[in-house]
Amino acid sequence: MKIEEPSRDQEVWGEEARRQKKTAEGIIYGSPIPMLVIDKDHKISFWNNACEKLTGFSSKEMIGTDRQWEPFYPRKRPTLADLLIDDDIETIKRLYEDMNLRKSPMVEGGYEAEHFFPHLGPEGTYLYLNAAPIEDDAGNIQGAMITYQDFSERVAMTGKIKRSEAFVLNLIENSIDGIIATGSKGNIGIFNHGAAEILGYSPDEIIGKMSFPEILSKETAMAIRESFYSDRRGPPGKIINMEAHLLNKSKEPIPVRFSGTLLYEQEKEVGSVVFIQDLREVHRLQKEKEQAQRMAAIGRTVAGVAHYIKNILTGLKGGAYVINSAISKKDLELVKEGWGMVERNIDQIASIVTDMLIYSKERTPDYQIVDPNVLLTEVLDLMEEKASSAGVTLVRDLQPGINMVSMDRTGIHRCLLNLISNAIDACTLEGIMNGKGRVSAKTDSPAGWGVRFEISDNGTGMDEKTQERLFTDFFSTKGYKGTGLGLPVTQQIVNEHGGKLAFESRADQGTTFTLMLPEKRLPEPFD
Amino acid sequence: MPPLKILIVDDDADVVLFLSTVLKDHGYLTIDAQDGQEGLEKAKSVQPDLILLDLMMPKKSGISMLSDLAGDGATEKIPVIMVTGVSGETGIDLETFFRGSSTGKQDRKAIIPEGFIKKPVDPEELIRLVRKALK
């Protein structure tokens, strides 16, 4: 910067020159930019209004002194302007090194720097300063000036933004959930620690190098695309809690719970962010729980079988007692009776073994084409004796002309036997029916089904507690007379047929069981 | 002295056969009935010295028969031993049931059985209980 300073030696002070000086002073004092000028003797010659405002020091107390350092530093030291006057580049570099010193791009011989002045203002001030030498026509330094710009507010703002940015990044980075963000072309921009843990990649291997589809299995990629652009799992553009598989570094599918949202800027899709939760642990716990449940079921089964076998053993022992007694009495008739007892118990063992095999799916069903009415009649004939000796009437209501149905004849025979036998028991076990017990067996074929068997009784019915436990293995209300396997086995057989077993019961009013078999049996896996 | 008569009431033919064999081997005379109704009729007509009574039977349960026996002057003095196959599963505690302490109900005249024996029946235990009841 050059200001023309008329030489004192010059005789003629032109009116024009004075006006120019006045104008220049006016500019300096009126400028909103804080500015100070010192002369070559390091004495302050200008200290403008903005500088007063910035520093709290008035021009009146400052001008003519060398206190230019005072508002800025705790101790006396040269300012940039002082050093420019002294042309002491070494000291400039030394003192201003940590103040982001650089040569001014605007003013030749000038310097710029930025610094925090803790001394200035109640909380310190960030200043950008620009120092320039003032030379005369001959290029001799006559003084120097410094302008200041307070950028504390900008620093505070930037700090705030930086802090909130760091907070968000921290949040993303330290989330246990995996967080992955992509650009519009699927390129991965954020891949946090959680995602790295789940998928076995380090963020550096992924960010900017891989695209989202590369970590998706084919099915998952398709499902995600479909879900994002439909309202199937949350509104369009969002996916809420979908189970999906992502590929880890070894390309193994990892089960995750997947949520995500497409990102838009001015209605244009610019990327997506997805959140993933590792489901491996959940799946493992689920498996463990299932295993524990299986073990508990096995325990119950073993206890139930042991209990039932104990009953049979009692029968066998009784038979042996009777036979022994008969032998000692040489009573051949009693031997026969005792032997009959033994045989009946052997039959019971055979029966429970069959039930167990059906229940454990060890037995292969043998499917044949069967006339449902013929089968039900057969079972009813078998049960007639039990019913009449218990004073229960069997009512037959068979719809003629029902089509043949493919079924495992032995299995369904067993189911019907179980249901009818149960129905008779319901009428007699408590002795309450006193000969008024009725069990009716019905067939028909509702639309979509091959056959519907309906077995109803007017017996004791079941309370809610009993109904709840109905299909639990080895649950029986018949004391030692029931294995508690009848209904679980029936259910199992019906399920194997793709059929339906349902019941309706009211305590003291009776029970109706419905067994439906499909028109077309489900195809076997390797049919 | 003529042999003592014991009426066995049970719908399970195997149980009847076994119990009667045991009792016969010890010199008792046995009569059997398949359900509570038949049991009640035979109790009246035969006038047994003791009744072995099953709990769950068709037509008339053991409990119902017990109450009928108590209500009839011809049968009220006959001692009864309950033969129970009921496990804890049904939730019935027979001792409590007959003492009436849990229900507090005494509206029906009832016989308190002389004894209880659980299935599977142990022959020696049976004979011990029978002798005690017949004393």
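Structure's up top.
Quick look at the structure, then. Computed from a predicted model, the values in this text were never measured in an experiment.

What follows deals with the overall build of chain B. For chain B, the count of helices and strands is 5 helices and 5 strands. Reading the secondary structure of chain B in the N-to-C direction produces β-α-β-α-β-α-β-α-β-α. The buried share of chain B, taken over its 135 residues, is 50%. On chain B, roughly 6,500 Å² of surface is accessible, and the fraction owed to carbon and sulfur atoms is 50%.

This brings us to the nonpolar core. Residues and elements named next belong to chain A. In terms of nonpolar packing, the biggest core is built from 41 residues, with Ile412, Ile420, Ile424 and Leu515 touching the most fellow members. Element by element, the count of residues in this core is highest for helix 13 (residues 409-428), at 8 residues. Taken domain by domain, this core gets at least three of its residues from each of domain 3 (284-359) and domain 4 (367-518). Contacts of leucine 515, omitting those with residues within four sequence positions, involve Cys415, Leu416, Leu419, Val451, Arg452, Phe453, Val494, Lys500 and Leu501. Judged by nonpolar contacts, the second largest core, of 29 residues, contains Leu36, Ile38, Leu54 and Phe117.

This part covers the packing of helix 13 of chain A against helix 15 (residues 486-496) of chain A. The description of two packed helices rests on the angle between their axes and on the distance between the axes. Residue and element names in this part refer to chain A. Between helix 13 and helix 15, the least distance of the axes is 9 Å, while the angle of their chain directions is 145 degrees. The handedness of the crossing between helix 13 and helix 15 comes out as left-handed. Contact with helix 13, carried on its side by Gly411, Ile412, Arg414, Cys415, Asn418, Leu419 and Asn422, involves Gly486, Leu487, Val489, Thr490, Ile493 and Val494 of helix 15 and no other residues of that element. Grouping the constituent residues of the contact of helix 13 with helix 15 by class yields 7 nonpolar, 5 polar and 1 charged.

This next bit is on the side chain of Asn130(A). Assignment of secondary structure puts Asn130(A) in strand 5 (residues 125-135). Setting aside residues up to four positions removed in sequence, Asn130(A) forms contacts with Ser104(A), Tyr111(A), Glu112(A), Met145(A), Ile146(A) and Thr147(A).

The next point concerns the pattern of salt bridges. Residue and element names in this part refer to chain A. In total, this model carries 25 salt bridges over all chains according to the counting rule given. With its nearest N and O atoms 2.7 Å apart, the salt bridge here joins glutamate 288 to arginine 284. Taken together, the positions of glutamate 288 and arginine 284, both in helix 10 (residues 280-329) and 4 residues apart, correspond to about one turn of that helix. By relative accessible area, which is 44% here, glutamate 288 ends up partly exposed. With relative accessibility at 40%, the residue arginine 284 sits in the partly exposed group. Among the charged side chains, a network of salt bridges with common partners joins Glu61, Arg67 and Glu70.

Moving on: a nonpolar patch on the surface. Residues Phe167(A), Val168(A) and Leu171(A) make up a contiguous nonpolar surface patch of roughly 300 Å² in combined accessible area. Exposure remark for Leu171(A): the relative accessible area of 51% places this residue in the exposed category.

Turning next to helix 15 of chain A. Residues and elements named next belong to chain A. In terms of burial, helix 15 is a largely internal element, 8 of the 11 residues being buried. Residues of helix 15 that are buried include every one of Gly486, Leu487, Pro488, Val489, Thr490, Gln492, Ile493 and Val494, and no others. Turning to helix 15, the residues buried within the fold contact helix 11 (332-359), helix 13, strand 17 (500-506) and strand 18 (510-518). The first or second residue beyond helix 15 is glycine 498, which carries a positive phi of 70 degrees.

For the rest of this paragraph, the subject is the side chain of Thr443(A). Residue and element names in this part refer to chain A. Along the chain, the position of threonine 443 falls in strand 15 (residues 438-444). With a relative accessible area of 3%, threonine 443 lands in the buried category. At a separation of 3.1 Å, a polar atom in the side chain of threonine 443 contacts the main-chain amide nitrogen of glutamine 399. Excluding its chain neighbours within four sequence positions, the residues that come into contact with threonine 443 are Asn373, Leu376, Asp397, Leu398, Gln399, Ile402, Arg452 and Phe453.

Let us now look at the sheet that holds strand 16 (residues 449-457) of chain A. Residues and elements named next belong to chain A. Strand order across the open sheet formed by 5 strands is 13-15-16-18-17, with mixed pairing between neighbours. What marks the edges here is a single partner per strand, and that holds for strand 13 (393-398) and strand 17. On average, each strand axis in the sheet is inclined to that of its neighbour by 10 degrees, with strand direction left out of account. Both strand 17 and strand 18 contribute to a ladder of 7 bridges, which runs antiparallel.

As a further point, take unusual backbone geometry. In this structure, the amide linkage connecting Lys119(B) to the following residue, Pro120(B), adopts the cis form with an omega of -5 degrees. Along the polypeptide, Pro120(B) turns up in the loop between strand 5 (115-118) and helix 5 (123-134). Positive phi values are uncommon outside glycine, yet Gln266(A) reaches one of about 45 degrees. Secondary-structure assignment places Gln266(A) in the loop between strand 10 (253-265) and strand 11 (268-278). Judged by relative accessible area, Gln266(A) falls into the exposed class, the value being 82%.

Cut-off values and rules
- Residues numbered from 1 in each chain as written.
- Chains lettered and ligands numbered in written order.
- Predicted model: local features only at pLDDT ≥ 70, side-chain atom pairs only at ≥ 80, totals over all residues.
- Heavy atoms only, no water.
- Helix = DSSP H or I, 4+ residues; strand = E, 2+ residues; numbered from the N terminus.
- Buried < 20%, exposed > 50% of the residue type's maximum accessible area, 1.4 Å probe, protein only.
- Areas by Shrake-Rupley, 256 points an atom, 1.4 Å probe, with all protein chains shown as cover.
- Core = buried A, V, L, I, M, F, W, Y, C linked by side-chain atoms within 4.5 Å.
- Domains from an automatic or database assignment.
- Contact = heavy atoms within 4.5 Å.
- Axes fitted to C-alpha atoms, helices over the stretch in contact; angles between N-to-C directions.
- Left-handed = near helix turned anticlockwise from the far one by under 90°.
- Nonpolar A, V, L, I, M, F, W, Y, C, P; charged D, E, K, R; others polar.
- Salt bridge = Lys/Arg side-chain N within 4 Å of Asp/Glu carboxyl O.
- Patch = residues over 30% accessible without salt bridge, like charges linked within 9 Å, V, L, I, M, F, W, Y side chains within 5 Å.
- Polar contact = N/O pair within 3.5 Å; in protein donor to acceptor, adjacent residues only side chain to side chain.
- Pairing = 2+ DSSP bridges.

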